[in-house]
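What follows is the residue order along each chain.
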Amino acid sequence: MDIPEPGAHEGSVLVEAIAVGVCGTDVEIVEGKYGWAPHGQPHLVLGHESLGRVIDPGPSSGLKKGDLVVGIVRRPDPVPCPNCAVGEWDMCRNGLYTERGIKEIHGFMSERWRIEPEYAIKIDPTLGILGVLLEPASVIAKAIEQLEMIGRRSFWEPRTVLVTGAGPIGLLAALSVKQSGFDVHVLDKTETGAKPDLVRALGATYHSGSVAELPFEPDAIIECTGVGQLISDSIGKIGANGIICLTGIGHGGAVRKTSTADVAAASVLRNNVIVGSVNANKRHWYKAAQILANADRAWLSKLITRREKPENFMSALERKPDDIKVVIQFSAV
Ligand SMILES: [Zn+2]
C-alpha cells in the first residue's frame, strides 16, 4: 500500500530500505494475535529486523551518506520507569515502552524510513545484506550478557553450553557462544538439511534427540524454542550451578511428568538459575554488531534462505520446511 514519506518528526536520519527480516512475531501480528497500531491510526507498518542505507544523515548524526544502518526497535516509555531512565529499555518496568513495527510505532517495512540518530546502529559495510541479522543477534547478545552477569555470583568456569533450537536465534546463539571459545552443542528436532551442517561448520556438535538423553550436563543452556518439554528437560539436565536462559516464547502444550515442586527442588539442590531474557538495549546492539562483523560471511549468508520482493509479502510470511531466515528485499546492497 502507499504510505506517506516519513516525516521529520520520525528522526533526522533518512534511510533507504535494503531488507527487512520476518519472524514469528510478524506472523502473529498479521494474524491479529499481537501488535498495536500507533494511537489514532488504523494500521501498523510492520518490520522490526531492518537494514538500510543512509540517504540523508541530517545535521548531527555522525553518519555519512551511504552508511549501512540498522534501527533499534524499542523506545523507552514516556514516564520513564527507572530502567528506561538509564537506557535499559529492554528491562522496562511498566510495559509502556513502544516498539517499531510491533507496538505503537510504524516499523521499517517501507522503501524509506527515518530514525533518530541515537537509535541507528552503523554496521560493518562488508556485511552487506547480512546486517539484517543484527536484530536477532542483539537478542542473543543480551541473553549471553545475562548468563555472564549471573555467573559472577560464584566461582563459575563454564565450558559446555547447550543451545536448544536451530532456527535463526539458536544458530546466532551458537555462533556467538562459539566466538567466546566454549564447547557448544545445539539440539533441534531436524535430522537433516542445512541446520546440522551449519552447526558443524561452527565446530559445534549437533544433536537431534531429546535434551534428557544428552550424554553430558551443560553449564549453561540458551533455550530458543519456547517448547515446554524442552524447557522441562533442560531444568532436569542443567549442571550444578548452571544457568538456563529462556529466550523463546511458546504457548500451551502438554509436558510429561512436571511438578512445580520437583522443578524447584532440582533448582535449589543444584543452585540453578532460570532467567528469562527479552529484547536488547544499545550495549547489546553494539556487541551484536561486533559478533556479526567477526563472523564468517559465507556461514552467515546461509542463514538467509529466502529473499522475497515486497509485493510477495504474504509469501515471505509462510513458513517453509527449509526456511531459516526469510527477508524481504527492497533494494540491492
Ligand atoms: Zn520503562
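Residues numbered from 1 in each chain as written. Predicted model: local features only at pLDDT ≥ 70, side-chain atom pairs only at ≥ 80, totals over all residues. Heavy atoms only, no water.

### With respect to helix α5 (residues 194–201)
Among all positions of α5, only Lys195, Pro196, Leu198 and Val199 are buried. The buried residues of α5 all sit within an arc of 160 degrees when viewed along its axis, so they share a single face. Once α5 ends, the next one or two residues include Gly203, with phi positive near 85 degrees. (Buried < 20%, exposed > 50% of the residue type's maximum accessible area, 1.4 Å probe, protein only. Helix = DSSP H or I, 4+ residues; strand = E, 2+ residues; numbered from the N terminus. Arc of directions from axis to C-beta.)

### Some thoughts on the nonpolar core
If you look at the biggest cluster of nonpolar residues, it comprises 86 residues, and the most contacted ones within it are Leu134, Ile222, Leu300 and Leu303. If one sorts the elements of this core by residue count, helix α3 (residues 134–151) sits on top with 8 residues. Core analysis: the next-biggest nonpolar cluster, separate from the first, contains 10 residues, Phe216, Ile221, Ile238 and Ile244 among them. (Core = buried A, V, L, I, M, F, W, Y, C linked by side-chain atoms within 4.5 Å.)

### Overview of the packing of aromatic side chains
Under the counting rule described, the total for this entry stands at 3 aromatic pairs. Summarising the aromatic geometry, the rings of Tyr34 and Trp36 are spaced 5.1 Å apart at their centres and angled 65 degrees between planes, so their arrangement reads as edge-to-face. On the basis of relative accessibility, which here comes to 34%, the residue Tyr34 falls in the partly exposed class. Each ring, one from Phe108 and one from Trp113, has its centre 4.6 Å from the other, and the planes form 65 degrees; the classification is edge-to-face. (Phe/Tyr/Trp six-rings, centres within 6.5 Å; stacked < 30°, edge-to-face > 60°.)

### Some points on the environment of Ile18
Structurally, Ile18 can be placed in strand β1 (residues 13–22). The exposure class of Ile18 is buried, given its relative accessible area of 0%. Along the primary structure Ile18 and Val132 are separated by 114 residues, whereas in three dimensions their C-alpha atoms are 8.7 Å apart. Setting aside chain neighbours within four positions, we find Ile18 in contact with Leu51, Gly52, Arg53, Leu68, Ile328, Gln329, Phe330, Ser331, Ala332 and Val333. (Contact = heavy atoms within 4.5 Å.)

### Concerning the packing of α3 against helix α8 (residues 282–294)
Following both chains from N to C, one finds α3 and α8 inclined at 110 degrees, their axes separated by 8 Å at the closest point. The orientation of α3 relative to α8 falls into the category roughly perpendicular. Seen from above, α3 lies across α8 with right-handed handedness. Residues Leu134, Glu135, Ala137, Ser138, Ala141, Lys142 and Glu145 of α3 form the contact with α8, whose participating residues are Arg283, His284, Trp285, Lys287, Ala288, Ala289 and Leu292. For the contact of α3 with α8, a count of residues per class yields 7 nonpolar, 2 polar and 5 charged. (Axes fitted to C-alpha atoms, helices over the stretch in contact; angles between N-to-C directions. Parallel < 35°, antiparallel > 145°, perpendicular 65-115°, else oblique. Left-handed = near helix turned anticlockwise from the far one by under 90°. Nonpolar A, V, L, I, M, F, W, Y, C, P; charged D, E, K, R; others polar.)

### Focus on the coordination of the zinc ion
Donor atoms from the polypeptide that bind the zinc ion are Asp77 (OD), Cys81 (SG), Cys84 (SG) and Cys92 (SG), placed at 1.9 to 2.3 Å. If you look at the zinc ion, its 4 donor atoms make angles of 100 to 121 degrees with each other, and the shape they trace is tetrahedral. (Donors = N, O, S within 2.8 Å, 3.2 Å for Na, K, Ca; no water. Tetrahedral: all angles 85-135°; square planar, octahedral: opposite > 155°, others 65-115°.)

### Points about helix α6 (residues 228–237)
Among the 10 residues in α6, 7 count as buried, and that is most of the element. When we look at burial in α6, the residues that qualify are Gln229, Leu230, Ser232, Asp233, Ser234, Ile235 and Lys237. Contacts from the buried residues of α6 go to β9 (160–164), β10 (183–187), β12 (220–223), β13 (243–246), α7 (260–269) and β14 (273–276).

Take it as geometry only, folks, not as evidence of what the structure does.
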